[in-house]
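# An overview of the molecular structure
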Amino acid sequence: MNHENDIPTQAGDLQAFFDGELDHAGAERMARTIDQDPQLRQHLNQMGVMRDLVGRSLEMRATQVPRARFEQIWDEIDRTITQDASRPAELPASFWQRVWVAFRPFRVPVMAAVGAAAIAVVVMQVGQSGPVNQDGGVASVPRTASPLSHDPQVAPPTPAPSIAEAFPSPRAAEAEIHGIEFGGKQGRISQTGVVTVLYVEEDATPQKSERSL
Amino acid sequence: MTRRSLKTRLLIPALAAVLAPLSAFVTVLAVPGAAEAAVAKASCQVNAVLLSKDGDGTIPSELDFMKSTLQNDEFAAYKGFHLLERKELKLALDTKAEASFTSGHRVGLTLLGGDETRLKLHADLSSRDATKSLLSTDYSIEDNGLLMIGAGAYSDEKRSGKLFFAIQCGRVS
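Here we summarise the structure given alongside this text.

## Here we look at the state of the cysteines
Residues and elements named next belong to chain B. With the rule as written, the count across this model stands at one disulfide over all chains. Across the disulfide, Cys44 is cross-linked to Cys169 (sulfur-sulfur distance 2.0 Å). On the S-S bond that ties Cys44 to Cys169, the torsion sits near 115°, and the link is right-handed. In this pair, Cys44 is assigned in strand β1 (residues 41–52) and Cys169 in strand β8 (residues 160–171), connecting sequence segments 125 residues apart. Judged by relative accessible area, which is 0%, Cys44 ranks as buried.

Laid out in C-alpha cells, this is it:
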C-alpha cells in the first residue's frame, strides 16, 4: 500500500473524520484505516495539536483585552438599544399613510376649519328653506331664471279669506325700482317721496322700458 | 415618549384660530344665495282697492292701515275708498306665489332676497283676461313697505273708479 499516494486522497476524509462530519459507516471505515496506517494516525494527532494551539492562542488574546474594554462595549450596546427604542416608528410603506403622518401636526387646525365650515353650512341651510314653498296654505311654484320673465306655470291662487286682517301700517318710504317692463298701453312710475305708484293701462302696443331709480 | 417642540405647540392653535373663521367665511361666500339668506321667507298682502271720485273722503277701517298713503297728494283726486279684496301670499326665496282677483287680474310675487331692513321682490300683474303681462318689475322696499300699482279704470255693479293693487310684504323670521 502506497501511503504517499493515499494520504492526499484520504485527506478530505481524514479532515471530515476529525471534524466528526462522517456518517457512522464512513467513520468506522476511517477509524479502521487510521488504526492500520501509522502515518494517518500521525496526521490525525497533528491536527489535534493544531486545534489545541489555535484555541489556546484565541484564549490568550481574549485574556489580553482589558475588562474596561468589555464594559465599554456593553455600554455601547445599551446605548444602541435605547436609541432604537426611543426612535419613532419607521415610516409606513403606504403613500397615504406617509402623507397622513406628515399631516399629523396640522390635523387639529384643519379639523377645526372643516368643522367651522360645516357649522356655517348647517346654519345657512336651517335659515334657508327649499326652492318650493311647501306651506299647505300657500300656492307657489319655483321661480323662473329671468326676473322679468312671466312664468306661465303658476299654481292656483291662495285660498285665503277675502278680507284678512291688515298688516301693520307701512312706513312712508319709496320703493327702489331695479327694473321694470310695461306690457299694456302705457305705463309710468310716480314717486312722491312717501309712496311709489306704478301706473299701467291695458290694451294697445306693449312698450318696454328699463330704469333704475 | 416624544415631546412636541414649542414651535409646534404654538403653531397648532395659531393655525386653528386663523383657519376656522377663514373657512367659515369662505364657505358663506361660496354657497350660492348665502349673502341673501338673511331673508328666506316673507308674508305679503295684496289689497285690491277701488278709488273713486264719488264719496265723502272717509277712509274705511279696513283701509285704515294705509290711511297715510291714501291721504297723500298722489290720491288727492279721490274721495271714495273701497277695499274690494285682500289676498295673502306667503313667499319663499325664489319661489313665485300668485293671487287671482275677481277683476280678472293676477298678481304674482317672488321674494328675491333682502338685507337687514329691506326686501327685494319681483312683482308682475297680468291683464284682466290673464293672457298677457301688464307689468313686470324688480324692486326693493323697506320691510312692510307699500307699493301701489294702478291698474286703470274699473267698475262693478256698485261703483266705478280706478283700481289699485296695494302690495305690502314683511319678512317672516
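After that view of the structure, there is still more to cover.
## Here we look at unusual backbone geometry
All names here are of chain B. Even without glycine at this site, Ala130 takes up a positive phi of about 60°. The class for Ala130 is partly exposed, based on a relative accessible area of 36%. One non-glycine residue, Asn144, adopts positive backbone phi at about 65°. Mapped onto the secondary structure, Asn144 falls in the loop between β6 (133–142) and β7 (146–155).

## Comments concerning the environment of Gly57 of chain B
Residues and elements named next belong to chain B. Summarising the element assignment, Gly57 is placed in the loop between β1 and α2 (67–70). The class for Gly57 is partly exposed, based on a relative accessible area of 32%. Spatially, the C-alpha atoms of Gly57 and Phe81 are 7.5 Å apart, while their sequence positions differ by 24 residues.

## Some words on the pairing of strand β2 (residues 80–92) of chain B
Residues and elements named next belong to chain B. In terms of residue burial, β2 counts as a mostly covered element, since ten of its 13 residues are buried. Of the strand pairs in this sheet, β1 and β2 are connected by twelve bridges, and their pairing is antiparallel. Across the sheet, Ser52 pairs through a bridge with Gly80, a residue of β2.

## Some details on the packing of helix α2 (residues 24–36) of chain A against helix α3 (residues 38–64) of chain A
All names here are of chain A. Orientation of α2 relative to α3, taken along the N-to-C sense of each, is 110°, at an axis distance of 5 Å. When the interaxial angle is binned, α2 and α3 end up roughly perpendicular. Residues Met30, Thr33, Ile34, Asp35 and Gln36 of α2 pack against Pro38, Leu40, Arg41 and Leu44 of α3. Here the residues of the contact of α2 with α3 are counted per class, giving five nonpolar, two polar and two charged.

## Regarding the side chain of Ser103 of chain B
Take Ser103 of chain B: it is sitting in the loop between β3 (95–100) and β4 (106–114). Setting aside residues no more than four positions away along its own chain, Ser103 of chain B makes contact with Glu85, Arg128, Tyr154, Leu163 and Phe165 of chain B.

## What to know about the nonpolar core
Counting 39 residues, the largest nonpolar core has Leu91, Leu109, Leu125, Tyr139, Phe165 and Ile167 of chain B as its most contacted members. Counting residues per element, this core draws most heavily on β1 of chain B, at five residues. If we skip the residues at most four places from it in the chain, Tyr139 of chain B touches Ala175, Glu176, Ile177 and His178 of chain A together with Leu109, Leu119, Lys120, Leu121, Ala123, Leu147 and Ile167 of chain B. The next biggest cluster of nonpolar side chains, apart from the first, holds 18 residues, and it includes Val197 and Tyr199 of chain A together with Ile59 and Phe75 of chain B.

## Re the side chain of Ser126 of chain B
All names here are of chain B. You can see Ser126 is positioned in strand β5 (residues 118–126). There is a polar contact of 2.9 Å between the side chain of Ser126 and the backbone nitrogen of Arg106. Not counting residues up to four positions away in its chain, the partners in contact with Ser126 are Gly104, His105, Arg106, Lys132, Ser133 and Leu134.

## So, the packing of aromatic side chains
Aromatic ring pairs are defined here through the distance separating the ring centres and the angle between the ring planes. If you walk through the whole model with that rule in mind, you get four aromatic pairs over all chains. Their ring planes at 75° and their centres at 6.1 Å tell us that Tyr78 of chain B and Phe164 of chain B sit as a pair that is edge-to-face. Residue Tyr78 of chain B is found in the loop between α2 and β2, and its partner Phe164 of chain B is found in strand β8; the two are separated by 86 residues along the sequence. For the pair formed by Tyr78 of chain B and Phe164 of chain B, the shared burial category is buried. Here the basic side chain of Arg188 of chain A rests over the ring of Tyr199 of chain A, its NZ or CZ set 4.0 Å away from the ring centre.

## Some points on the pattern of salt bridges
On inspection of all chains with the given rule, the structure shows seven salt bridges over all chains. Between Arg79 of chain A and Glu76 of chain A there is a salt bridge, with its nearest N and O atoms 2.7 Å apart. Separated by three residues within a single helix, Arg79 of chain A and Glu76 of chain A lie in helix α4 (residues 67–86), roughly one turn from each other. Between Lys87 of chain B and Glu85 of chain B there is a salt bridge, and its shortest N-O distance comes to 3.7 Å. Here the salt bridges share partners, and the residues they tie into one network are Lys96, Glu98, Arg106 and Asp124 of chain B.

Conventions used here
- Residues numbered from 1 in each chain as written.
- Chains lettered and ligands numbered in written order.
- Predicted model: local features only at pLDDT ≥ 70, side-chain atom pairs only at ≥ 80, totals over all residues.
- Heavy atoms only, no water.
- Disulfide = S-S within 2.5 Å.
- Helix = DSSP H or I, 4+ residues; strand = E, 2+ residues; numbered from the N terminus.
- Buried < 20%, exposed > 50% of the residue type's maximum accessible area, 1.4 Å probe, protein only.
- Pairing = 2+ DSSP bridges.
- Axes fitted to C-alpha atoms, helices over the stretch in contact; angles between N-to-C directions.
- Parallel < 35°, antiparallel > 145°, perpendicular 65-115°, else oblique.
- Contact = heavy atoms within 4.5 Å.
- Nonpolar A, V, L, I, M, F, W, Y, C, P; charged D, E, K, R; others polar.
- Core = buried A, V, L, I, M, F, W, Y, C linked by side-chain atoms within 4.5 Å.
- Polar contact = N/O pair within 3.5 Å; in protein donor to acceptor, adjacent residues only side chain to side chain.
- Phe/Tyr/Trp six-rings, centres within 6.5 Å; stacked < 30°, edge-to-face > 60°.
- Lys NZ or Arg CZ within 6 Å of the ring centre and 35° of its normal.
- Salt bridge = Lys/Arg side-chain N within 4 Å of Asp/Glu carboxyl O.

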